[in-house]
Amino acid sequence: MQIAETAVIEIAIDANAEPGDRELRLGTRMGLTNPLCFQVGILPETSEPEYKDPGKSFTPRIQPPVLLNGNSSGEADRFRSSQKRI
């Protein structure tokens, strides 16, 4: 069966949560959804901001250590660091 509705959820993770893999499932009238897997980590995360103006170019500056969270749309995400190697 194809998904006919979208659910928007907010997840709060305790600051003392142990790092590791987690699963999230939603309960519906038809039962449980397939699991959505995500990881709780110890590094701060960032992702490249999306801009509506296609002519505007911006590369966010990051400060390692950091987890870079890319997307799966097939486009390249770019980040700039003040350090020589990350």
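Residues numbered from 1 in each chain as written. Predicted model: local features only at pLDDT ≥ 70, side-chain atom pairs only at ≥ 80, totals over all residues. Heavy atoms only, no water.

Chemist: Looking at this structure, how should I read the overall build of the chain?
Modeler: Helix and strand counts for the chain stand at zero helices and eight strands. What you see in the chain, going N to C, is helices and strands ordered as β-β-β-β-β-β-β-β. With 86 residues in all, the chain has 7% of them scored as buried. For the chain, the proportion of contacts with a sequence separation of at least 24, taken over those separated by at least 6, is 17%. Carbon and sulfur atoms provide 50% of the accessible area of the chain, an area that totals close to 8100 Å². (Helix = DSSP H or I, 4+ residues; strand = E, 2+ residues; numbered from the N terminus. Buried < 20%, exposed > 50% of the residue type's maximum accessible area, 1.4 Å probe, protein only. Contact = heavy atoms within 4.5 Å. Areas by Shrake-Rupley, 256 points an atom, 1.4 Å probe, with all protein chains shown as cover.)

Chemist: Please clarify how unusual backbone geometry should be interpreted in this entry.
Modeler: The bulk of non-glycine residues show a negative phi, and the bulk of peptide bonds are trans. Residue Pro65 follows Pro64 across a cis peptide bond; omega there is 0 degrees. Relative to the helices and strands, Pro65 resides in the loop between strand 6 (61-62) and strand 7 (67-68).

Chemist: Sorry if this is basic, but what is going on with the environment of Thr33 here?
Modeler: Within the secondary structure, Thr33 is located in the loop between strand 3 (31-32) and strand 4 (36-40). Residue Thr33 is classed as partly exposed on the basis of its relative accessible area of 27%. The residues contacting Thr33, other than those within four sequence positions of it, are Arg25, Leu26 and Thr28.

Chemist: Whenever I open this one, the pattern of salt bridges confuses me. Can you help?
Modeler: Applying the stated criterion across every chain yields a total of one salt bridge. We note a salt bridge from Glu23 to Arg25, for which the minimum N-O separation is 4.0 Å. (Salt bridge = Lys/Arg side-chain N within 4 Å of Asp/Glu carboxyl O.)

Chemist: I tried to follow a nonpolar patch on the surface on my own but got confused; where do I start?
Modeler: Judged by side-chain polarity, Ile9, Ile11, Ile13 and Leu26 come together as a nonpolar surface patch covering roughly 320 Å² of accessible area. Within the element layout of this structure, Ile9 appears in the segment before strand 1 (20-24). Since its relative accessible area comes to 43%, Ile9 is described here as partly exposed. (Patch = residues over 30% accessible without salt bridge, like charges linked within 9 Å, V, L, I, M, F, W, Y side chains within 5 Å.)

Chemist: Would you explain the confidence of the model for the chain in this entry?
Modeler: In low-pLDDT regions, the fine details of the predicted coordinates are not to be read closely. Of all residues in the chain, 77% attain a pLDDT of 70 or more, and the chain-wide mean is 80. Here strand 8 (residues 80-81) stands out as the element of the chain with the lowest mean pLDDT, 80, in contrast to strand 1, whose mean of 95 is the highest. (pLDDT = per-residue confidence, 0-100.)

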